[in-house]
Amino acid sequence: MSEPIVNEPEAIPETLCEREQWVCWREEDRDGKPTKIPVTPGAGGFASSTESDTWSDFETALEYTETEHADGVGFVFTDDDPIVGVDLDDCRDPETGDVDDAARDIIDRLDSYTEVSPSGTGFHVLIKGELPEGRNRRGSVELYDTARFFTVTGDHVERQPNRVARRQDALTAIHREYVQDTERATASESEQRDGTDDQSTETDTVDAGVDVDLEDEELLEKARNASNGEKFERLWNGDTGGYDSHSEADMALCCLLAFWTGGDQTQMDQLFRQSELHREKWDEVHYADGSTYGEKTIERSIATTSEFYEPDAGDDTADAHDPAADSSPGVDAGDSERSRAYLAEKNRLLGERIDELEATLAEKTERIDTLEAEVERLTEELATRDREPGDPQESTPADTGEGDNESETASVWGRTKRLFGSDSK
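A.B. asks: How should the overall build of the protein be read in this particular structure?
C.D. replies: Across its full length, the protein carries 12 helices and nine strands. The burial tally for the protein puts 47% of its 425 residues in the buried class. Contacts in the protein between residues at least 24 apart in sequence constitute 74% of all its contacts with a sequence separation of at least 6. With the model as given, the accessible surface of the protein reaches about 21,600 Å², and the carbon-plus-sulfur share is 44%.

A.B. asks: When you look at the pairing of strand E1 (residues 22-30) in this model, what are you seeing that I'm missing?
C.D. replies: Across a regular strand the side chains alternate sides, sitting on one face of the sheet and then on the other. In terms of strand pairing, E1 meets strand E3 (residues 72-76) through four bridges, oriented antiparallel. If you follow valine 23 over to E3, its bridge partner there is glycine 74. Sheet analysis places E1 next to strand E2 (residues 33-39), joined by seven bridges and oriented antiparallel. Bridge pairing in E2 links cysteine 24 to valine 39. The turn joining E1 and E2, which pair antiparallel and follow one another in sequence, is formed by two residues; a positive phi near 55 degrees is taken by aspartate 31.

A.B. asks: So what exactly am I meant to see when it comes to the pattern of salt bridges here?
C.D. replies: A complete count under the given rule lists 17 salt bridges for this structure. Of the charged contacts in the structure, one is a salt bridge between glutamate 133 and lysine 296, with a shortest N-O distance of 3.4 Å. On the criterion of sequence distance, the pair formed by glutamate 133 in the loop between strand E6 (123-128) and strand E7 (137-138) and lysine 296 in helix H10 (residues 293-304) is long-range, its members being 163 residues apart. Linked by salt bridges that have partners in common, Asp105, Arg109, Arg176 and Glu177 make up one network.

A.B. asks: Could you clarify how one ought to interpret the packing of helix H3 (residues 101-110) against helix H4 (residues 168-179) in this entry?
C.D. replies: Describing two packed helices takes the angle between their axes plus the distance from one axis to the other. For the pair H3 and H4, the least separation of the axes is 9 Å and the interaxial angle reads 160 degrees. Classified by the angle their axes make, H3 and H4 are roughly antiparallel. The handedness of the crossing between H3 and H4 comes out as right-handed. On H4, the residues touching Ala102, Asp105, Ile106, Arg109 and Leu110 of H3 are Ala170, Leu171, Ala173, Ile174, Glu177 and Tyr178.

A.B. asks: Explanation requested: H10 in the structure shown.
C.D. replies: Residues separated by three or four positions in an α-helix point in the same direction, a consequence of the helix having 3.6 residues per turn. Relative to the 16 Å expected for 12 residues at 1.5 Å per residue, H10 spans 16 Å between its end C-alpha atoms, a close match to the ideal helical length. Of all 12 residues making up H10, 10 are buried, and the element is well covered by its neighbours. Residues of H10 that are buried include every one of Tyr293, Gly294, Lys296, Thr297, Ile298, Arg300, Ser301, Ile302, Ala303 and Thr304, and no others.

Analysis parameters
Residues numbered from 1 in each chain as written. Predicted model: local features only at pLDDT ≥ 70, side-chain atom pairs only at ≥ 80, totals over all residues. Heavy atoms only, no water. Helix = DSSP H or I, 4+ residues; strand = E, 2+ residues; numbered from the N terminus. Buried < 20%, exposed > 50% of the residue type's maximum accessible area, 1.4 Å probe, protein only. Contact = heavy atoms within 4.5 Å. Areas by Shrake-Rupley, 256 points an atom, 1.4 Å probe, with all protein chains shown as cover. Pairing = 2+ DSSP bridges. Salt bridge = Lys/Arg side-chain N within 4 Å of Asp/Glu carboxyl O. Axes fitted to C-alpha atoms, helices over the stretch in contact; angles between N-to-C directions. Parallel < 35°, antiparallel > 145°, perpendicular 65-115°, else oblique. Left-handed = near helix turned anticlockwise from the far one by under 90°. Expected span 1.5 Å × (residues − 1).

So yeah, pure geometry; function would need other evidence.
The following block contains the structure:
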């Protein structure tokens, strides 16, 4: 690209800019397709959406786009933030700006910060919320909240808010109607099989994979000898370095296993249990439907993985893509897939707690203002009494002069202490 794609940095919401979850990206051809490769700001090496030491603050990332090593910036989604990205592809005419009805409906209902994607043919909508369980993409609509990154252009869509708004109800409804609605998808797929749909569309399924049929030892040997074999070996041996939590390391290893097994859940489970990352938590029930932590981790790692090892393609290209860290060819670099749904509940509770603390802080601030006003009044009262030594309340025939001032000072400060003391209870 001839020039960086960061149209209006000042339009990007502060909610995003204040987080040190930024990477850069550059466009490269992979297998004949333009692909946005994540780049570590300032260093230029490959960035990982699961390794925070390859991220930076917004200013550092933006500055690096002025070099020849980066074309734009991207925001990394994590389990520790409430941000959800909605990626709408192939819905905008870059010449006329016309938007199809489905994309317009989604944008209007989310009513949050929206920008035009780097290609000009789609939109990115950023909201606060919790991604519902189930599949995260169908057709041209994709929803992400962890383990990947969104390209950010600052090309803000007019008439849309310039802030990242909380839109849980709208997100849940859109996920149900546009992504989870299997009846609608089945009808569409039937039309394609019957030849009634002239448009060529890509069928998207959560458990898409290939028949790899490798024995465990052969598979492990291939994984260790791949270009990212060192990373696989570290995770296999239980090294969680570079990950914010043990669970994120679990997810990273499962993504790699999903790639090499072709999405075979049974083999993935067998292999993971052989690794040093395996722990008792793997078999604990963490979900209302009775699913264990391990079952959901495997399920979501398969949903995250858009490419699988193909034996017929040969070993020379088998290790070209790391599903745990790389963005997928043919998919905008904003791709992201949740890794653990149970953390959504933690985020919700944290959000509620923050709201409570903010309300408490407002009350305390108001109380402090009241106390400061009272202290000022008492100080003025003390000064007035110092100027009126003849006040009968301030002296008696047996006690006048310097003793009066000391007594009055003790009285006023005693009242002040009692005032503050009652507030602290």
